[in-house]
Amino acid sequence: MLLQNPTKQAAVTTADKVFEQLQFAIVEGEMAAGSKISEPELAKHYQISRSTLREALNRLEKCHLIERKPNVGSRVVNCTIEGLLELYITREALEGMACRQAALNMTDEEIAHMQDMLTQHAGDKALQDGVAYYQEKGDLDFHYKVILGSHNKQLIELICGQLYHLIRMYRCQFGMNSPRASRAFDEHSRIIQAIADRDGELAEMLMRRHIAASRKNIENKIAKEMAQKEQNKIQLIKS
C-alpha cells in the first residue's frame, strides 16, 4: 500500500478546482509574488461567483500562499529572504520529528518504494552533473513522502496541508540550482537507510542536519549575491 496524503482530496466542487488552479499559478510564479488579487477579475476569468472564489481564497490563505487584510484586499505572499530562512528553521524542527516517526511507523513496503524513488532520482542528468536536484511535487518528492511516512496526522496537516506548497513556491522563486545537489542526494540516501534500520534518533538527526545544511547554503548564496551587488555599485561609482 503506497502512502497517501489524507489532507489532499480529489477536486469535486468548482471551488476545489479553482483552488488547485490558483495554487499551481502561485507556486509556479504565473501569479507574481506580492501581486494584488482582483476578485472581480478572477471571478470573471473562471466564470464563477464571488462566494465560490472566496471559498478558494480562504483555502489559499490557510496554505500561506495569499495574505488578506480588511479594507485592503488580498495579495500573493512575498518571497522574502527572511521568510525563506524562517521557513527552513521551521522545517528543520517539524521534518526532523516526522523523520523520527517515519522510522517507527513506515512499513517495509513503503520504505522499499522510497528506495526505488531514490534510484529513479539518481538517473536524473542534472543531478548526475551535480548542478541541480529537482524533484516533482507529491509522490516523487522525498521530503513529502517522509512526512506521509510518519503516519502522524498532526505533522502531515502542519507540513503537507499548510506549508508544503509555500515551500515549493520558495524553491521555484529562488531557483533549484545548487552546489549541494549531489551531497543532498547522498544525505537522502543516508536518511532512508536510518529509517530502514528503524533508528529514529539517527533519522531525525540526519534530517535536521540535511535541512540546516540547505539553509546554510542559501545564506551563503545570498551573502555572495549581496557582496557582488555592493561591489558592482562601487565599480559604478568609480567609473
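For the chain, an unreviewed UniProt entry supplies the name Transcriptional regulator, GntR family with FCD sensor domain containing protein and the organism Colwellia psychrerythraea.

**Some remarks on the sheet that holds strand β1 (residues 36–37)**
With antiparallel pairing, 3 strands are arranged side by side in an open sheet as β1-β3-β2. Two strands close off the open sheet at either side, each with one partner strand: β1 and β2 (66–69). The pairing of β2 with strand β3 (residues 73–76) spans 4 bridges and is antiparallel. Of the residues in β3, the one forming a bridge with lysine 69 is glycine 73.

**Let's talk about helix α1 (residues 14–27)**
With 14 residues, α1 should cover 20 Å at 1.5 Å per step; its first-to-last C-alpha distance of 20 Å lies within 8% of that length. For α1, the set of buried residues is Ala15, Asp16, Val18, Phe19, Leu22, Gln23, Ala25, Ile26 and Val27. Looking one or two residues past α1, glycine 29 carries a phi angle of roughly 85°, positive in sign.

**Things to note about the nonpolar core**
Within the largest apolar cluster, 54 residues are counted, with the highest numbers of intra-cluster contacts made by Leu22, Phe142, Met169 and Ile195. Tallying contributions element by element places helix α4 (residues 81–105) first for this core, with 7 residues. Apart from residues lying up to four places away in sequence, leucine 22 is in contact with Met31, Leu42, Tyr46, Leu53, Leu57 and Leu60. Among the nonpolar cores identified, the runner-up in size contains 9 residues, and Ile147, Leu148, Cys160 and Tyr164 belong to it.

**Re the packing of helix α9 (residues 181–196) against helix α10 (residues 200–238)**
Two measures define how a pair of helices packs: the angle their axes make with one another and the distance between the axes. Between α9 and α10, the least distance of the axes is 8 Å, while the angle of their chain directions is 165°. When the axis of α9 is compared with that of α10, the two are roughly antiparallel. Our pair here, α9 against α10, has a crossing hand that is left-handed. Counting all contacts with α9, which are made through Ala184, Glu187, His188, Arg190, Ile191, Ala194 and Ile195, the residues of α10 involved are Leu202, Ala203, Leu206, Met207 and His210. Residue composition of the contact of α9 with α10, by class: 8 nonpolar, 2 polar and 2 charged.

**Here we look at the pattern of salt bridges**
Working definition: two side chains of opposite charge can pair if their charged atoms are close together. Counted under the stated rule, the structure contains 11 salt bridges. Arginine 54 is paired through a salt bridge with glutamate 39; the nearest N and O atoms lie 3.0 Å apart. Residue arginine 54 is found in helix α3 (residues 50–62), and its partner glutamate 39 is found in helix α2 (residues 39–46); the two are separated by 15 residues along the sequence. Classification of glutamate 39 as buried rests on a relative accessible area of 14%.

**A word on α9**
For α9, with 16 residues, the first-to-last C-alpha span of 23 Å sits near the 22 Å given by 1.5 Å per residue. The complete set of buried residues in α9 reads Ala181, Ala184, Phe185, Glu187, His188, Ile191, Ile192, Ala194 and Ile195. Looking at the packing, one finds that the buried side of α9 touches α4, α5 (108–122), α6 (125–128), α7 (142–149) and α10.

**Quick word on the packing of aromatic side chains**
A complete count under the given rule lists 1 aromatic pair for this structure. Both rings, one in tyrosine 144 and one in tyrosine 164, keep their centres 4.9 Å apart while their planes meet at 50°; by these two values the pair is tilted. Within this pair, whereas tyrosine 144 is found in helix α7, its partner tyrosine 164 is found in helix α8 (residues 153–174), the two being separated by 20 residues in sequence. For tyrosine 144, a relative accessible area of 7% translates into the label buried. Taking NZ or CZ as reference, arginine 59 lies 4.0 Å from the ring centre of phenylalanine 19, over its face. In this arrangement the basic side chain of arginine 91 is found over the ring face of tyrosine 88, its NZ or CZ atom lying 5.0 Å from the centre.

**A closer look at the environment of tyrosine 46**
Secondary-structure assignment places tyrosine 46 in helix α2. Residues tyrosine 46 and glutamine 21, 25 residues apart in the sequence, show an inter-C-alpha distance of 9.8 Å. Not counting the four nearest positions on each side in its chain, tyrosine 46 is found in contact with Val18, Gln21 and Leu22.

**Quick word on the environment of alanine 25**
If you trace the backbone, alanine 25 turns up in helix α1. In this structure the C-alpha to C-alpha distance between alanine 25 and methionine 169, which are 144 residues apart in sequence, comes to 9.8 Å. Once you skip the residues sitting within four places of it in the chain, alanine 25 turns out to touch Glu30 and Met31.

Here is what the cut-offs are and how they apply
Residues numbered from 1 in each chain as written. Predicted model: local features only at pLDDT ≥ 70, side-chain atom pairs only at ≥ 80, totals over all residues. Heavy atoms only, no water. Pairing = 2+ DSSP bridges. Helix = DSSP H or I, 4+ residues; strand = E, 2+ residues; numbered from the N terminus. Expected span 1.5 Å × (residues − 1). Buried < 20%, exposed > 50% of the residue type's maximum accessible area, 1.4 Å probe, protein only. Core = buried A, V, L, I, M, F, W, Y, C linked by side-chain atoms within 4.5 Å. Contact = heavy atoms within 4.5 Å. Axes fitted to C-alpha atoms, helices over the stretch in contact; angles between N-to-C directions. Parallel < 35°, antiparallel > 145°, perpendicular 65-115°, else oblique. Left-handed = near helix turned anticlockwise from the far one by under 90°. Nonpolar A, V, L, I, M, F, W, Y, C, P; charged D, E, K, R; others polar. Salt bridge = Lys/Arg side-chain N within 4 Å of Asp/Glu carboxyl O. Phe/Tyr/Trp six-rings, centres within 6.5 Å; stacked < 30°, edge-to-face > 60°. Lys NZ or Arg CZ within 6 Å of the ring centre and 35° of its normal.

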